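# Residue-level structural notes
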Amino acid sequence: MKPVDRFGFLRHWACPVVLGLSLSACGPELELGSDVLWATGHETGDLTDWYLPPAGGLLPDTSMSPAPEIAAGPAHSGRYSLKFTDLAQSDIIGPGVYRELVAPPDAYYSVWYYIPRLYQTKSQWTIMKFRARSDSDPTVISHGHDLNLRTLPGGQVILYVYSHDPTYLQAPLADPPAIVPVETWFQIETLYRPRTDETGRLLVWLNDRLVYDLENRRTAGSNDVLWTPCNIGEDVEPLGSPSDEPGVGGAGGADAEAGAPNAAGGTGAQVPPELYIDDAAISLKRVTRAGKIFVER
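Here's what I pulled together on the structure shown here. What you are looking at is a predicted structure, and each value in this text was computed from that prediction instead of being measured.

For strand β10 (residues 125-133), a buried count of 8 out of 9 residues is recorded, marking the element as mostly surrounded by other parts of the structure. One ladder, built from 8 bridges, connects β10 with strand β11 (residues 141-151); its direction is antiparallel. Residue pairing for β11: W125 is matched across the bridge by L149. As paired elements, β10 and strand β17 (residues 224-233) share 6 bridges and run antiparallel to each other.

Counted according to the given criterion, the structure contains 12 aromatic pairs. Ring centres of W38 and W50 lie 4.7 Å apart, and the angle between their planes is 55°; on these two criteria the pair is classed as tilted. With W38 in strand β3 (residues 36-40) and W50 in the loop between β3 and β4 (56-58), this residue pair connects regions lying 12 residues apart in the sequence. Like W50, W38 is buried. Aromatic pair Y108 and W205: ring centres 5.9 Å apart, planes at 40°, arrangement tilted. With Y108 in strand β8 (residues 107-114) and W205 in strand β15 (residues 200-206), the pair connects residues that are 97 residues apart, well separated along the chain. Look at Y108 and you get buried, because its relative accessible area is 15%. Taken together, the ring pairs in this structure connect W38, W50, Y109, F130, Y192 and W227 into an aromatic cluster.

Below, the discussion takes up unusual backbone geometry. With an omega of -5°, the peptide bond between G73 and P74 qualifies as cis. With an omega dihedral of 0°, the bond running from D175 to P176 counts as a cis peptide bond. Structurally, the position occupied by P176 is in the loop between β12 (157-163) and β13 (179-180). The residue D208 is not glycine, and still its phi comes out positive at about 75°.

This paragraph deals with the nonpolar core. Counting 46 residues, the largest nonpolar core has I188 and W227 as the members making the most contacts within it. I188 has contacts with Y109, S110, V111, Y113, I127, M128, L147, L159, V204, W205 and L206, leaving out every residue within four places of it along the chain.

Taken in spatial order, the 7 strands of this open sheet run β4-β7-β17-β10-β11-β12-β13, and their pairing is antiparallel. Here the strands that pair on one side only, and so sit at the sheet edges, are β4 and β13.

Here we come to the side chain of D224. Tracing the sequence through the fold places D224 in strand β17. One buried charged side chain, D224, makes no salt bridge at all; its nearest oppositely charged neighbour is R133, positioned 4.4 Å away. Once you skip the residues sitting within four places of it in the chain, D224 turns out to touch E100, L101, V102, R131, A132 and R133.

Using the criterion set out here, one finds 11 salt bridges in the structure. Among the salt bridges present, the one from D165 reaches R218, with a minimum N-O distance of 2.9 Å. With a gap of 53 residues between them, D165 in the loop between β12 and β13 and R218 in the loop between β16 (209-217) and β17 connect regions that are remote in the sequence. Accessibility expressed as a relative area gives 17% for D165, which makes it buried.

Conventions adopted
- Here the residue index of a chain counts from 1 through its sequence in written order.
- Local features in this predicted model are restricted to residues whose pLDDT is 70 or higher, and side-chain atom pairs enter the listing and the counts only when it is 80 or higher, whereas totals over whole chains, interfaces and linings include all residues.
- Where side-chain values are given, they derive from all heavy atoms of the structure, hydrogens and water being excluded.
- Partly exposed describes any residue whose relative accessible area lies between the buried limit of under 20% and the exposed limit of over 50%, with all areas from a 1.4 Å probe on protein chains only and scaled to the type maximum.
- Secondary structure elements are defined from DSSP: runs of H or I of at least 4 residues count as helices, runs of E of at least 2 residues count as strands, and each element is numbered from the N terminus.
- Pairs of strands are assigned from DSSP output, requiring at least two bridges between the strands.
- Two rings belonging to Phe, Tyr or Trp (six-membered ring only in the last case) form a pair when the distance between their centres is within 6.5 Å. Interplanar angles under 30 degrees mark stacking, angles over 60 mark edge-to-face geometry, and anything in between is tilted.
- Here, nonpolar core refers to any group of buried Ala, Val, Leu, Ile, Met, Phe, Trp, Tyr and Cys residues whose side-chain atoms link them within 4.5 Å.
- In what follows, residue pairs with any heavy atoms lying within 4.5 Å of each other are defined as contacts.
- The positive count covers Lys and Arg only, the negative count covers Asp and Glu only, and His and the chain ends enter neither.
- The salt bridge definition used is simple: a Lys or Arg side-chain nitrogen within 4 Å of an Asp or Glu carboxyl oxygen.

If you want it as structure tokens, here you go:
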């Protein structure tokens, strides 16, 4: 396979991208028949892109966490990103967004993440979910595969895959470990083949490195897919303080200083876990870190 720049860099997208549309009025022109099904760089300054047809929006969250919000920095590209702040400290609820596809093709789901400080995890910290809506009862949504973070004793943060299907549960850790950087943007891309039988497959790339290839497994509970970047974690606590370097503002700052109120109403450096996402895309071909698509030759 060979990387070919089909439409310009994802970092410069300023408008939503829908299959079969040309959007030259608001960013690099996409040719008719593009492999990109949907994309956003959040440069509209709102959540409009996540609500585009066929379906999408905010992840239902019954906690006291603030809704995902557009942030003017840090951003992977342009000016804006999307910020998740998790006050719930729960392993099942928290802030997130989703795109819903009915009977989708096998596709690549890509998003850039930014973690503003080092956190200690005492259980899972979920940053991406693949879920499915029940065919018999659309109000019932089942959990499929999660992409989670865990902090190792040495302070490294690693990425791993967990399946809610008791047949699979946690996948063996990547070797070498899939270490996620802190205070630096990183890309996670997945190839998701939704299947209700054991012909499904999930591949995960971290910064263009293939770290998980899980095949011959059930990956979906129905013919419906909800892709959900999120911030859901229980017992996720900050370690240290974020960098004071220029460009990192908005990710901590005064709220992390000693004496500032924390989420529990006390004082000190305790702040709820935060993360940012940007330049998200769903494509029929793999999107690289350079914003290029791999096409067959």
